[in-house]
Amino acid sequence: MKKKYCFLFILVCLLCTACNGTVTRELRHAGFNVGNKFACARFYPQGKEKTAREKILYLTGTHIINSEGKIYEISMGQPYANNEQCKEAETTLRVKAILDDSIIKATDGKYYYLMSQNNVNSYSEIPETDNSYLIYDILLKDEDVVKVITADRSTGLYYILKTDGNIYGNEVISIDRNSPPQLVSTKIVYSKSDYGSRIVDFNYAGDSINTFLKTEETVYRMVVTNGDECKKYADISCTYEMKEEPIFSKYNDRIIVYNGSLLITDYQMTFSVAS
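Only a predicted model underlies this, so the values are computations on that prediction, with no experimental measurement involved.

1. Overview of the pairing of strand β19 (residues 269-273)
Then, number 1: Among the five residues in β19, four count as buried, and that is most of the element.
Then, number 2: Bridge count between strand β1 (residues 32-37) and β19: four bridges; the pairing is antiparallel. Across the sheet, residue N33 finds its bridge partner in β19, namely S272.
Then, number 3: With three bridges connecting them, strand β18 (residues 262-265) and β19 associate as antiparallel partners. Residue pairing across strands places L263 opposite F271, the latter belonging to β19.

Shown next, in the form of structure tokens:
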């Protein structure tokens with residue numbers, strides 16, 4: 001009987017390994033490069049039910065924000081002293097909205113630096129004397145704002161994801177050097193009606209393979225439509241189009257997070273977007 005159970009255990013392990021190998025091969029075929037493992041147990045499936053203790057809402061280059069707004073610091077290289085590559089941030093702040101992966105609006109309605117800058121510590125409150133405070137306030141003050149990305153700094157264009165599942169383009173400018181910034185226009189740039197369901201996350205990097213939209217059902221990525229020609233000829237520019245990436249709906253339960261540059265699977269393997 002023991003031999004029977006031992007055989008079954010080995011068979012299950014082999015099948016799981018084979019499944020992981022299939023996911024890896026298909027991700028590589030979809031344009032992702034295999035990276036290293038990322039150790040952070042709380043975000044991976046656990047126990048018989050194979051459910052993670054916590055879900056990831058946003059992944060930046062330095063932090064993970066979980067679905068409850070809790071902040072974790074991450075290291076993609078060496079582990080921390082807890083032998084994992086993530087650790088709870090030393091703050092009680094909970095994130096309500098995020099701007100450019102560096103500024104957050106907390107549940108207390110105030111704005112904070114997510115990363116240290118200009119000799120100011122991480123998680124410090126942004127004072128009203130900060131040169132950009134008024135811009136942060138214009139972009140983040142509305143209760144339905146969840147994520148903001150600078151689309152074009154020279155023109156003051158910002159893309160804003162709201163709880164209604166649409167992404168808006170807001171133009172914020174100053175009339176002259178002595179005038180405060182003002183919101184001068186807003187319009188929908190990515191509509192949920194065009195993508196089948198609410199948009200819940202995005203990254204915008206212009207015409208770039210790092211631009212993506214995540215809906216409640218799948219992911220759309222910016223892809224090069226004339227890759228052979230634009231890579232071969234110096235006088236032909238690459239053209240891009242937003243297309244659905246089927247692998248995200250196929251392996252929705254295997255991919256725990258994707259931020260446009262990095263993808264992490266439930267078997268702890270990381271994948272980067274191939275250039």
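The rest of the description comes next.
2. Some words on the sheet that holds strand β2 (residues 56-59)
Then, number 1: Spatially, the four strands line up as an open sheet ordered β2-β3-β4-β5, and their pairing is antiparallel. Since the sheet does not close on itself, it has two edges, and those belong to β2 and β5 (86-88), each with one partner. On average, each strand axis in the sheet is inclined to that of its neighbour by 30 degrees, with strand direction left out of account.

3. Here's the deal with the layout of surface pockets
Then, number 1: Taken as a whole, the largest pocket encloses approximately 1,000 Å³ of empty space.
Then, number 2: Lining of the largest pocket is provided by 36 residues; of these, D253, R254, I255, I256 and D266 occupy positions nearest its centre.
Then, number 3: Among the elements that take part in the lining of the largest pocket, strand β17 (residues 255-258) stands out by supplying four residues, more than any other.
Then, number 4: Taken together, the residues of the lining of the largest pocket sort by class into 18 nonpolar, eight polar and ten charged.
Then, number 5: A volume near 360 Å³ is recorded for the second largest pocket.
Then, number 6: Forming the boundary of the second largest pocket are 17 residues, of which S132, I135, Y136, R153 and Y158 lie nearest the centre.
Then, number 7: Looking at the lining of the second largest pocket residue by residue, the class counts come to nine nonpolar, six polar and two charged.

4. Some remarks on the side chain of T24
Then, number 1: With respect to the element layout, T24 can be found in helix α1 (residues 2-29).
Then, number 2: On the accessibility criterion, T24 (17% relative accessible area) is buried.
Then, number 3: A polar contact of 2.6 Å, which involves the side chain of T24, links it to the side chain of Y267.
Then, number 4: Those residues in contact with T24 that sit more than four places away from it in its chain are V34, Y267 and F271.

5. A short note on the pattern of salt bridges
Then, number 1: All chains considered together, the criterion is met by ten salt bridges.
Then, number 2: A salt bridge links E88 to R42; the nearest nitrogen and oxygen atoms lie 3.9 Å apart. Of this pair, E88 sits in strand β5 while R42 sits in the loop between β1 and β2, and the two are 46 residues apart along the sequence.
Then, number 3: Given the relative accessible area of 41%, E88 is considered partly exposed.
Then, number 4: Here E88 ties to K70 by a salt bridge, and the two come within 3.3 Å at their closest N and O atoms. Of the two residues, E88 is situated in strand β5 and K70 in the loop between β3 (63-66) and β4 (71-74); the sequence distance between them amounts to 18 residues.
Then, number 5: By sharing partners, the salt bridges in this structure join R42, E54, K70 and E88 into a single network.

6. Let's talk about the state of the cysteines
Then, number 1: Counted by the stated rule, this structure contains two disulfides.
Then, number 2: Each sulfur of the disulfide joining C230 and C238 lies 2.1 Å from the other. A torsion of 80 degrees about the S-S bond marks the disulfide between C230 and C238 as right-handed.
Then, number 3: Look at C230 and you get buried, because its relative accessible area is 11%.
Then, number 4: C238 gets classed as partly exposed once you look at its relative accessible area, which sits at 32%.
Then, number 5: In the protein chain, the bonded cysteines, numbered by position in the sequence, are linked as 1-2, 3-4.

7. Brief notes about the nonpolar core
Then, number 1: Ranked by internal contacts, the top residues of the largest apolar core, which has 25 residues, are I71, I104, I167, Y190 and L213.
Then, number 2: Each residue touching I104, except ones within four places of it in the same chain, is listed here: I71, L93, V95, A97, I98, K110, Y111, Y112 and L114.
Then, number 3: The next biggest cluster of nonpolar side chains, apart from the first, holds 16 residues, and it includes I138, V148, I160 and V172.

Rules used throughout
Residues numbered from 1 in each chain as written. Predicted model: local features only at pLDDT ≥ 70, side-chain atom pairs only at ≥ 80, totals over all residues. Heavy atoms only, no water. Buried < 20%, exposed > 50% of the residue type's maximum accessible area, 1.4 Å probe, protein only. Helix = DSSP H or I, 4+ residues; strand = E, 2+ residues; numbered from the N terminus. Pairing = 2+ DSSP bridges. Axes fitted to C-alpha atoms, helices over the stretch in contact; angles between N-to-C directions. 1 Å grid on protein atoms, 1.4 Å probe; cavity = no way out; pocket = protein on both sides within 12 Å on 5 of 7 lines; lining within 4 Å. Points joined across faces, edges and corners; volume = space filled by probe spheres on them. Nonpolar A, V, L, I, M, F, W, Y, C, P; charged D, E, K, R; others polar. Polar contact = N/O pair within 3.5 Å; in protein donor to acceptor, adjacent residues only side chain to side chain. Contact = heavy atoms within 4.5 Å. Salt bridge = Lys/Arg side-chain N within 4 Å of Asp/Glu carboxyl O. Disulfide = S-S within 2.5 Å. Core = buried A, V, L, I, M, F, W, Y, C linked by side-chain atoms within 4.5 Å.

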